[in-house]
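Topology and contacts: notes
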Amino acid sequence: MNFELDKIIRPNIRNIKPYSSARDEYTGAASVLLDANENSFGSVGSGNKNRYPDPHQNILKQKIGEFKNIAPDNIFLGNGSDEAIDLIFRAFCVPGKDKAIIMPPTYGMYKVSADINDVGIVESPLVEGFKTDLQATLSLIGKNTKLIFICSPNNPSANCFKENEIMPILENFNGIVVVDEAYIDFADSPSWITQLEKYPNLVVLQTFSKAWGLANIRLGMAFASKEICKILDNIKPPYNINGHTQEVGLKALQNTDDYNKMLRDILKERNILETELNKLDFVQKVFPSDANFVLAKFNEPKRVYNFLVGENIIVRDRSTQHLCEGCLRITVGTKEENAVLVSALKKFNELNN
Ligand SMILES: *Cc1c(COP(=O)(O)O)cnc(C)c1O
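For clarity, every value in this text was computed on a predicted model and none was experimentally measured.

1. A closer look at the sheet that holds strand 10 (residues 316-317)
The 4 strands lie next to each other as 8-9-11-10, forming an open sheet whose pairing is antiparallel. On the outer flanks of this sheet lie strand 8 (283-286) and strand 10, each paired with one strand and no other. Across the face of the sheet, helix 11 (residues 256-279) comes into contact with strand 8, strand 9 (293-298) and strand 11 (327-331) while running at roughly 5° to strand 9. Packing against the sheet, helix 12 (residues 301-310) makes contact with strand 9, strand 10 and strand 11, and its axis sits at approximately 35° to strand 11.

Below is the structure:
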């Protein structure tokens, strides 16, 4: 590997002077704060929201660091991991020139974010069994390829990629490899965050939206070298993580027993859902899952989808995606929700026999 961060960053970002907020210029513990044009009288509607939040999220990063066993300097926090994805494009890709490789079928935001930033997408489709095609991926790397996105566990196929499907990319690509681990909490495989020291070109994304059950507060994490985290910090909107989100995130990290229990419950329900789906003879295949959803292949996915809509149950039709012919993606619900789904599927089966 011959990775040089300075060569990968967009030239206009390399030497950018970030916005300096009032609280950056004064960080002591003064009692009369008249420096930020906040409303000194209070807040309308709810109490104590008149002060700007910590733009560096220091306490939250420290607590995340303790939980993940990683230094706060190696953490960037985004308004959802979707913001981190957008900022990665903006930090590394020159619009109209640079390119990113994705591996369909995969998470839709990589392409949307690339399109918004006028960055070309090069596809290296997964092959049978939802495996990466290493040879093809490496051969698609061109001189303007700056990013490679690997979603593991992958959405919508629900599988983790093996170490030997990702490592050669990290070792042979001199750009940034983004490993999106939004669903890693549900997986048997370990996170790639332990490999950050070895791979200065690695960015690992995680989120509070799935296993922590906090999609509403928009809190995503990127783990990377401190140089990369610094670049992302320099270009983010100064107060991208609002005060409420920081508070709720901290509260979550004080309740890790709840997190662990919820994880166990979801995994248990995933198991039951897989078993029940496998019993239905119009389900051709239930793909193994390392996530909080299952991908299942149906004889007539559109009819099943429409029937479920009629029963007020919404799943995700993925049947037009590469390698996903006939497939619906089903999020693991509560015990009750899964039971409702399974009995609706049985009803569909009876009506069609
Ligand atoms: C759900 C999901 C995310 C999470 O995005 P947030 O913006 O953090 O809510 C990221 N990546 C993938 C692949 C996802 O499925």
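2. Re the packing of aromatic side chains
Given two aromatic rings, one states the distance between the centres and the angle between the planes to describe the pair. The final tally for this structure, using the stated rule, is 13 aromatic pairs. Between the aromatic rings of Phe208 and Trp212, the centroid separation amounts to 5.2 Å while the plane-to-plane angle is 35°, which identifies the pairing as tilted. A single burial state applies to Phe208 and to Trp212, both of which are buried. Members of the aromatic cluster, joined through ring pairs, are Phe67, Phe208, Trp212 and Tyr259. Across the ring face of Phe293, the terminal group of Arg329 is positioned such that the distance to the ring centre comes to 5.6 Å.

3. Notes on the pairing of strand 5 (residues 176-180)
In terms of residue burial, strand 5 counts as a mostly covered element, since 5 of its 5 residues are buried. Alternating residues of strand 5 divide into Ile176, Val178 and Asp180 and Val177 and Val179, and every residue in both groups is buried. In the sheet, strand 4 (residues 145-151) pairs with strand 5 via 5 bridges, with the strands oriented parallel. Bridging from a neighbouring strand, Phe149 pairs with Val178 of strand 5. The parallel pair strand 4 and strand 5, bridged by helix 8 (residues 163-172), forms a crossover whose chirality is right-handed. Summarising the sheet, strand 5 and strand 6 (residues 202-207) pair through 4 bridges and their orientation is parallel. Considered in strand 6, the bridge of Val178 is made with Val203.

About the thresholds
- Residues numbered from 1 in each chain as written.
- Predicted model: local features only at pLDDT ≥ 70, side-chain atom pairs only at ≥ 80, totals over all residues.
- Heavy atoms only, no water.
- Pairing = 2+ DSSP bridges.
- Helix = DSSP H or I, 4+ residues; strand = E, 2+ residues; numbered from the N terminus.
- Contact = heavy atoms within 4.5 Å.
- Axes fitted to C-alpha atoms, helices over the stretch in contact; angles between N-to-C directions.
- Phe/Tyr/Trp six-rings, centres within 6.5 Å; stacked < 30°, edge-to-face > 60°.
- Buried < 20%, exposed > 50% of the residue type's maximum accessible area, 1.4 Å probe, protein only.
- Lys NZ or Arg CZ within 6 Å of the ring centre and 35° of its normal.
- Right-handed = clockwise from strand over helix to strand, strands pointing away.

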